[in-house]
There are 2 protein chains.
Amino acid sequence: MAKFLVTGGAGFIGSTFCDSALAQGHQVLCFDNFETGDEFFLNDAKKTQAFSFVKGDIREFDTLKDTFQKFKPDWVVHFAANADVRRGLERPRRDLDYNTIGTWNVVESARLSGCQNVMFSSTGSAYGEPKVFPTPETCPCPEQTSLYGASKSAGEGIISAYCHGYNLNAVVFRFVSILGPRYTHGHVFDFIQKLRKNKNELEVLGNGKQLKSYLHISDLMRGLWVLINLNPKGYNVYNIGHDDALTVDRSISYIIDELKLKPELKYTGGERGWIGDSPRIQLECSKLKKLGWGTEYSLEQGVRDTVRYLIKNEFLLDRA
Amino acid sequence: MAKFLVTGGAGFIGSTFCDSALAQGHQVLCFDNFETGDEFFLNDAKKTQAFSFVKGDIREFDTLKDTFQKFKPDWVVHFAANADVRRGLERPRRDLDYNTIGTWNVVESARLSGCQNVMFSSTGSAYGEPKVFPTPETCPCPEQTSLYGASKSAGEGIISAYCHGYNLNAVVFRFVSILGPRYTHGHVFDFIQKLRKNKNELEVLGNGKQLKSYLHISDLMRGLWVLINLNPKGYNVYNIGHDDALTVDRSISYIIDELKLKPELKYTGGERGWIGDSPRIQLECSKLKKLGWGTEYSLEQGVRDTVRYLIKNEFLLDRA
């Protein structure tokens, strides 16, 4: 039994992680500002004695530090972030505040409380627009193309320096986009939103040919636990994603099939959906696979699962 | 004639840059908090009509923003930083504040004022402990080993995302350690300080075998101007350093020869001088050389020039 402090623990991925930790008999403290997370996702967790939560923001160092001091976690599992990649340019300080400074606040709080193990959800966007596909962890020094990728990459750097300087142990995962139950933002969400407003027409950002890898939340969870259970020393980076990739067009075909709609597709054009969008994301995950991990869900299942979940929990679409 | 806003413009490198810009007939505004910089270094600059300075700190966004708004620079040449690599672990928020958030403050101020050209002094330390020597700009995705390297790398990422998102143009230089007149911190400075206290014994951090490339300030200046004059569009990264490298021991031999001393050397041991110290720094600079740049000073000249300058300006040693 270990104690996990989960930042962003009320979000899509964080709350699923809380549930999986509780199911294994661990003690869990969820730290979340409930900005994009939702108490609804904690309904199961809240039934467990071993679960507690603090409403707090990782941008507030003192609150975070106090929470660490009181809970004394063995692990901090750090999901809290500004995950709105697309709108970075509208509010250019946001990624810095949440993802870079926020990550410093988290590891500094960990250090001060004596917590020695950190798991960090980084992103394939930290590779910018790589020239090598699938992209390995050791690809050439990337050039950042989005404030989001830059801020997460900066978070990685801080964690790495902490590992070297203060003997923390860290596992950094570079995630592709995650699909499945509790999914609340991203292209599937956006497309369904648009189709609720107009079922006959669907605006598609870019040319529909952007090729991206995704991963089902269930496959992600198994990957995270492989490394948490191994608890490797020092600083460790792993890509995590599916070998398969979907074009936006193929993804749309599954979505509209689930919804039984046949909208006319209107492309905004260009190979990027927005400035800083990576036209292709596909990660080389053999480093993680060597530890016995593999995917169980196809990307088609991932997209269809997501659509079905959102249809069943329509209030998530309403509140956005 | 162009307008240059130089952050850290009263420092070793910054003030030399101000002088070189003024000598070419440009208009220069120096922005410095005079924490490590010194008005003494601005004595020549202050004689020129085209020069002005603002005492301000890059951590204060509003001051910086106002300075940009009033001066309306064509270029911001961003040197201001916490350059105390070694003490990062004693004050772990310092590199984040000065080098990451400070750099965001600089590029955001540039953007808001309509300034489209940025030069940024990054560092070879951003490569952490690379496996390839000499290290090219495209070496494998580095692992940060110091808070300093992490914070400068994060600054690079922010600038890069700004170039992609807001059409800024940037030239990022990854510097080795710079030597020459106005040098006020680093190993030559530290050794002379120690020898003033005790000329018979010299404590050496590490085993004396750390192998590092340096560069004379005069060679650095010519390199910076090659790129500023070319004014390339988008985001551009260049290593800048000497092909030769010095062990700490060889460097000491030049220093004590200049000082005419023969101290006994006491090594603290280990291949790193301190945690986060890169035991070897040597940058592959062919990208810059292809543009016609090359070094004129040997590393021996660099070290000897530095020692002579410090002997002549002993007050710099006193104030530290």
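Description of the structure in this document.

Rules used throughout
- Residues numbered from 1 in each chain as written.
- Chains lettered and ligands numbered in written order.
- Predicted model: local features only at pLDDT ≥ 70, side-chain atom pairs only at ≥ 80, totals over all residues.
- Least-squares fit on C-alpha atoms with pLDDT ≥ 70 in both.
- Contact = placed C-beta atoms within 7 Å.
- Pairing = 2+ DSSP bridges.
- Helix = DSSP H or I, 4+ residues; strand = E, 2+ residues; numbered from the N terminus.
- Nonpolar A, V, L, I, M, F, W, Y, C, P; charged D, E, K, R; others polar.
- Axes fitted to C-alpha atoms, helices over the stretch in contact; angles between N-to-C directions.
- Buried ≥ 20, exposed ≤ 12 C-beta atoms within 10 Å, placed from the backbone.

**Some details on the relation of the copies chain B and chain A**
Here is step 1: Mapping chain B onto chain A calls for a rotation angle of 180° and an axial translation of 0.0 Å; the resulting RMSD is 0.0 Å. Accordingly, the operation relating the two chain copies is best matched by a two-fold axis.
Here is step 2: With an isologous cut-off of 70% or more, the 100% of interface residues of chain B that recur at the interface of chain A puts this contact in the isologous class.

**Digging into the sheet that holds strand S12 (residues 246-247) of chain A**
Residues and elements named next belong to chain A.
Here is step 1: If you walk across this open sheet you meet the three strands as S12-S9-S14, and the pairing is mixed. In the strand order of this sheet, the two ends are held by S12 and strand S14 (280-281), each with one partner.
Here is step 2: Sheet topology places strand S9 (residues 211-212) next to S12; two bridges connect them, and they run antiparallel. Looking at the pairing, Leu211 lines up with Thr247 of S12.

**Quick notes on the interface of chain B and chain A**
Here is step 1: The interface of chain B with chain A comprises 30 residues on the first partner and 30 residues on the second.
Here is step 2: Listing elements by their share of the side of chain B that touches chain A, those giving two or more residues are helix H3 (94-113) and helix H4 (147-166) of chain B.
Here is step 3: Take the side of chain B that touches chain A: its biggest share by element is 10 residues, from H4 of chain B.
Here is step 4: Per-class residue counts for the side of chain B that touches chain A are 16 nonpolar, 11 polar and three charged.

**With respect to the sheet that holds strand S6 (residues 169-175) of chain B**
Residue and element names in this part refer to chain B.
Here is step 1: Taken in spatial order, the seven strands of this open sheet run S3-S2-S1-S4-S5-S6-S11, and their pairing is parallel. Across the chains shown, the open sheet's two edge strands, defined by having one partner strand only, are strand S3 (51-55) and strand S11 (235-240). Ignoring which end each strand starts from, the neighbouring axes of this sheet average 20° apart.
Here is step 2: One ladder, built from seven bridges, connects strand S5 (residues 117-123) with S6; its direction is parallel. For Met119, the partnering residue across the bridge sits in S6 and is Val171.
Here is step 3: Where H3 meets the sheet, its contacts fall on strand S1 (3-7), strand S4 (75-78) and S5, and the angle it forms with S4 comes to roughly 175°.

**Examining the environment of Arg304 of chain A**
Residues and elements named next belong to chain A.
Here is step 1: Here Arg304 lies in helix H9 (residues 299-312).
Here is step 2: You can call Arg304 partly exposed: it has 18 C-beta atoms within 10 Å.
Here is step 3: Between the C-alpha atom of Arg304 and that of Leu179, which follows or precedes it by 125 residues, the distance is 9.2 Å.
Here is step 4: With sequence-adjacent residues up to four places away left out, Arg304 is seen in contact with Tyr254 and Glu258.

Function cannot be inferred from these measures alone, as they are strictly geometric.
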